[in-house]
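Close look at the chain arrangement
As a plain string of letters, each chain reads:
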Amino acid sequence: MPKKSIIKGTIILGLAGFIVKVLGVFFRLPIIYMIGEEGIGLYQLTYPVYTFLLALAGGIPIAISKMVSERVVLSKFKECRRIYRASLVLMFLLGGFSSMFLIFFADDIINYFSWSRESYYSILGISLAPLFTCILSVYRGYFQGLQNMTPTAVSQIIEQIGRVLAGVGLTYILLPYGIGLAAGGAAFGATFGAFISLLFLIILFYKSKDNFNYNSGSVQSYGRIIKELVFIALPISLGQTVSSFMALVDSLTVPKLLKMAGYTDSIATALYGQLTGKAHVLISVPLTLSVALAQSTVPAISEVYVVNNRNGLKKNIDMSFKLASILAFPSAAGLYALARPILSFVFQGMDDGWQLLQILSVSIIFIIFTQVSSSIINGIGKTMLPLISMLIGSFIKIIISIKLISIPSINIKGAAYGTLASYIIIAIINFYFMCKYTNIKLDLYKTIISPIVCSVVMIFIVVVAYTRLYEYTLSINISTIMSILIGGIVYIALLFITGTISIMDTFKMLKIKR
């Protein structure tokens, strides 16, 4: 199997993620125009429940990736297929249970959380998505364990195309029958997208050829494999559940607390839509690349750690954090400085919620560092530690959100402040655990300081460019696009000028792994 570097896997998954986000614009914008902020609020109310259920099984694909990568480097290829079969059965059961829960307990969920009755259709629309997505994650985890990121990347694009076509189409068809049904049509897009993506990966899996001999060598029993799978996956799943729980906390508390502050049901739902349907959507764009980086990091760290390759471990950790910093700091600075014009550009004049975007833009730095450090810690087998940090962060999130949201002058911004504070704490704790258990010291200049300096210079030029361009064109759209392009070019140039990255190193990283 050809060697692949962390950066190469990140590029493949990151490019797919970027395409998915672009396609997501064709999903989000038409739906907002058709059903408005209240309708998108109905859609977003149910989405955290779906992601929470998925997070319960979210550690399985990461465990698959880790276990397969370790078996490959030790030439235990027959066990790779046993891992695949065991995880497939497990995920089918977990996904099926989650879907049945949404279908049969939709009314109970609405009553318990005091949601609008119109959200019933969104729950039904998304109800089968956990089943398809859980099975889908088995194939993605298996290919990622082989450090072949292309199947995952292509399947993500296919999934998003299906989501756009089905979601937008059904929203348009069902709109005459009410906002609730239209929002349910939008939610069904996730189900349809996951289904066609799953079909693609199943076909690819059975058609793919490699040089591994899956019929030779001794193997562990299915019982021991499942035990190992659960042992690795359970703390990761719980950690991801806690992470999803933060979004669920917003879904449960924000509308109620806003009503306590004196807002009507309609306005409270609209404000929640600004938080989740606008601000969270925009900060998720750079997080697409960080998720790709995290996915590439786990098998790469596992492979060098299992054979005690200290040089490979340091190189991969340094590379992971360098890529994280190169992405995190300019993304945070750009979204903070241009929050209002970016919102106005993306949502065409609907810039309500730009202050939320500013607050959450700062959290990008700490979310990305959390993702990467968690992947490194999971890669070395200390899977309980990210769970501990996430529990602490979630507690902080809940306390801050409850305290601030009910204050009328702060209102919805309290949820954003809670998110920021929680991820600052989580990132700090994770960084401590990573340093303690790997005993690796980062090259702080190239991994942290240099990207910060480049980002500060870049954003100064971007703000000046936007101001001058707007004075000349009087167009927010043109000024925003041009200033972002200028900022990107300047930032890349600064990375080379400061020696943070070099042309020769870039070519080497793309070709070799360690």
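In what follows, the structure referred to is the one given above.
Keep in mind the model is a prediction, meaning the values are calculated, not measured.

Parameters and conventions
- Residues numbered from 1 in each chain as written.
- Predicted model: local features only at pLDDT ≥ 70, side-chain atom pairs only at ≥ 80, totals over all residues.
- Heavy atoms only, no water.
- Phe/Tyr/Trp six-rings, centres within 6.5 Å; stacked < 30°, edge-to-face > 60°.
- Helix = DSSP H or I, 4+ residues; strand = E, 2+ residues; numbered from the N terminus.
- Buried < 20%, exposed > 50% of the residue type's maximum accessible area, 1.4 Å probe, protein only.
- Salt bridge = Lys/Arg side-chain N within 4 Å of Asp/Glu carboxyl O.
- Core = buried A, V, L, I, M, F, W, Y, C linked by side-chain atoms within 4.5 Å.
- Contact = heavy atoms within 4.5 Å.
- Axes fitted to C-alpha atoms, helices over the stretch in contact; angles between N-to-C directions.
- Parallel < 35°, antiparallel > 145°, perpendicular 65-115°, else oblique.
- Left-handed = near helix turned anticlockwise from the far one by under 90°.
- Nonpolar A, V, L, I, M, F, W, Y, C, P; charged D, E, K, R; others polar.

1. Looking at the packing of aromatic side chains
Scanning the model with the defined rule gives 16 aromatic pairs in all. Between Phe143 and Phe205, the aromatic rings sit 6.4 Å apart at their centres with planes inclined by 75°, giving edge-to-face as the arrangement. Remark: Phe205 occurs in helix α8 (residues 179–207) and Phe143 occurs in helix α6 (residues 129–145); sequence separation between them is 62 residues. Neither residue differs from the other here; Phe143 and Phe205 are each classed as buried. In this structure an aromatic cluster arises from ring pairing among Tyr84, Tyr139, Tyr142, Phe143, Phe205 and Tyr206.

2. Describing the pattern of salt bridges
One pass over the structure, following the stated rule, counts 6 salt bridges. Arg117 is the partner of Asp107 in a salt bridge, and the nearest nitrogen-oxygen pair spans 2.8 Å. In this pair, Asp107 is assigned in helix α4 (residues 106–113) and Arg117 in the loop between α4 and α5 (120–126), connecting sequence segments 10 residues apart. By relative accessible area, Arg117 is classed as partly exposed at 45%. It is possible to trace a salt-bridge network through shared partners that takes in Arg71, Glu79 and Glu228.

3. Considering the nonpolar core
Among soluble globular proteins, nonpolar side chains are generally buried collectively. If you look at the biggest cluster of nonpolar residues, it comprises 99 residues, and the most contacted ones within it are Trp115, Ile317, Phe321, Leu357 and Phe369. For this core, the element with the highest residue contribution is helix α11 (residues 310–337), accounting for 13 residues. Leu131, Ile135, Val138 and Ile225 belong to the second-largest nonpolar core, a separate cluster that totals 31 residues.

4. Digging into the environment of Pro61
Residue placement: Pro61 occurs in helix α2 (residues 59–73). On the basis of relative accessible area, Pro61 is assigned to the buried category, the value being 17%. Residues Pro61 and Cys134, 73 residues apart in the sequence, show an inter-C-alpha distance of 8.8 Å. Apart from residues no more than four positions distant in its own chain, Pro61 is found in contact with Met91, Ser137 and Gly141.

5. Side note on the packing of helix α7 (residues 150–174) against α8
Put simply, α7 and α8 touch, their axes get as near as 6 Å, and they point 150° apart. Between α7 and α8, the angle is such that the two are roughly antiparallel. Taken as a pair, α7 and α8 cross one another with a handedness that is right-handed. Of the residues assigned to the contact of α7 with α8, the class counts are 17 nonpolar, 8 polar and 2 charged.

6. Concerning the side chain of Ser99
When you line up the elements, Ser99 lands in helix α3 (residues 77–104). Aside from chain neighbours lying at most four places away, what touches Ser99 is Ser127, Leu128, Ala129, Pro130 and Leu131.

7. Considering the side chain of Asp318
The residue Asp318 is located in helix α11 in this model. Note on Asp318: relative accessible area 15%, which makes it buried. Excluding residues that lie within four positions of it along the chain, Asp318 makes contacts with Lys441, Leu442, Asp443 and Thr447.

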